[in-house]
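Listed below are the residues making up each chain.
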Amino acid sequence: MLEIQNKLISIDIIEKHFVCQLNACKGACCWEGDHGAPLEKEEVSTIEEMKIKLFDRLRPSAQEHINKEGAYYFDEYNKCDSVGFEADGKCVFLIQDGIKSICAIEQAHANGEVDFKKPISCHLYPIRVQKNEAIEYEALNYDVWDICSAACQHGKDLGVPLYEFAKAPLIRKYGEDFYNELEAAAEFLKGE
């Protein structure tokens, strides 16, 4: 583990390679799993806005889920609000683009319709942030999942470490100074 700006960072984030391969996984991280994507406190109201703005684009089963249970819920396991997901594991904001799953929020952002890209936990993935507010620390860990094996291999083939792949979301969450310190630490550890 490294410590940068009071954040604990797993060495795997520096040493492991990763570049998303949507053609291989088809966006499985949006439709597999036991929990919805964790939300920052300030993202909860944004998810409510996205629910209203994007409702008509969502799958009928997602619309039904949102009408019954809402677009987010309190996840007892992770002790935070999380994006809603259906019984089959699909995120309520998941839509299909041909054979790939994509995020309705991210698509609307790409089209210039909304300012919000997507929840930061989705943007950071496969980096997961674990918070302990009682002692004011955050730990950044690499969430290893077999559905991402093609992304790991692709990153290795290209020589792209996970922290470089996640540069934009790391800067979005923690700022450029944090990222620059992380990059300098990585270069030091690699002996560059």
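Note that this is a predicted model, so its numbers are computed, not measured.

Applying the stated criterion across every chain, the model contains 11 salt bridges. Residue Lys173 is joined to Glu40 by a salt bridge in which the shortest nitrogen-to-oxygen separation is 3.0 Å. Of this pair, Lys173 sits in helix 9 (residues 167–174) while Glu40 is found in the loop between helix 2 (22–25) and helix 3 (44–54), placing the two residues 133 residues apart along the sequence. Judged by relative accessible area, Lys173 falls into the partly exposed class, the value being 22%. Here Glu106 makes a salt bridge to Lys117, at a shortest N to O gap of 3.6 Å. You can see Glu106 sitting in helix 5 (residues 104–110) and its partner Lys117 sitting in the loop between helix 5 and helix 6 (120–124), a full 11 residues away along the chain. When its relative accessible area of 27% is taken as the criterion, Glu106 is described as partly exposed. Salt bridges here are not isolated pairs; linked through shared partners, they connect Glu40, Lys131 and Lys173.

Its place among the elements puts Arg59 in the loop between helix 3 and helix 4 (60–69). Here Arg59 falls in the buried class, since its relative accessible area comes to 14%. Of note is the side chain of Arg59, whose polar atom sits 2.8 Å from the backbone oxygen of Cys91. Residues contacting Arg59, with those up to four places away along its chain left out, are Glu86, Lys90, Cys91, Val92 and Leu94.

This part takes up the environment of Ala166. Its location among the elements puts Ala166 in the loop between helix 8 (162–165) and helix 9. Since its relative accessible area comes to 3%, Ala166 is described here as buried. Taking the C-alpha atoms as reference points, Ala166 and Val19, 147 residues apart in sequence, are found 9.0 Å from one another.

What follows is about the packing of aromatic side chains. Think of a pair of aromatic rings as described by two things: how far the centres are apart, and how the planes are tilted against each other in angle. All chains considered together, the criterion is met by 5 aromatic pairs. Seen in terms of ring centroids, Tyr73 and Phe85 are 5.8 Å apart; in terms of plane orientation they differ by 55°. Their pairing is tilted. Residue Tyr73 is located in strand 3 (residues 72–75), and its partner Phe85 is located in the loop between strand 4 (80–83) and strand 5 (94–97); the two are separated by 12 residues in the primary sequence. Classification of Tyr73 by relative accessible area gives partly exposed; the value is 24%. Taken together, a centroid distance of 4.8 Å and an interplanar angle of 40° make the contact between Tyr174 and Phe178 tilted. Both residues of the pair, Tyr174 and Phe178, count as buried.

Glancing now at the sheet that holds strand 1 (residues 2–4). Strand order in the open sheet made by the 4 strands is 1-2-8-7, with mixed pairing throughout. The open sheet has two edge strands, strand 1 and strand 7 (127–132), and neither has a second partner. Geometrically, the sheet is characterised by an average inter-axis angle of 25° between neighbouring strands, direction not taken into account. Across 6 bridges, strand 7 lies against strand 8 (residues 137–142) in antiparallel orientation. What sits directly across from Val129, in strand 8, is Leu140. Its contacts with the sheet put helix 10 (residues 176–190) on strand 1, strand 2 (7–9) and strand 8, and the angle it makes with strand 1 is roughly 150°.

We now examine unusual backbone geometry. Going from Tyr125 to Pro126, the amide bond is cis rather than trans, its omega being 20°. Note that Pro126 resides in the loop between helix 6 and strand 7. One non-glycine residue, Gln5, lies in the positive phi region at around 50°. Turning to its location among the elements, Gln5 is positioned in the loop between strand 1 and strand 2.

Procedures and definitions
- Residues numbered from 1 in each chain as written.
- Predicted model: local features only at pLDDT ≥ 70, side-chain atom pairs only at ≥ 80, totals over all residues.
- Heavy atoms only, no water.
- Salt bridge = Lys/Arg side-chain N within 4 Å of Asp/Glu carboxyl O.
- Helix = DSSP H or I, 4+ residues; strand = E, 2+ residues; numbered from the N terminus.
- Buried < 20%, exposed > 50% of the residue type's maximum accessible area, 1.4 Å probe, protein only.
- Polar contact = N/O pair within 3.5 Å; in protein donor to acceptor, adjacent residues only side chain to side chain.
- Contact = heavy atoms within 4.5 Å.
- Phe/Tyr/Trp six-rings, centres within 6.5 Å; stacked < 30°, edge-to-face > 60°.
- Pairing = 2+ DSSP bridges.
- Axes fitted to C-alpha atoms, helices over the stretch in contact; angles between N-to-C directions.

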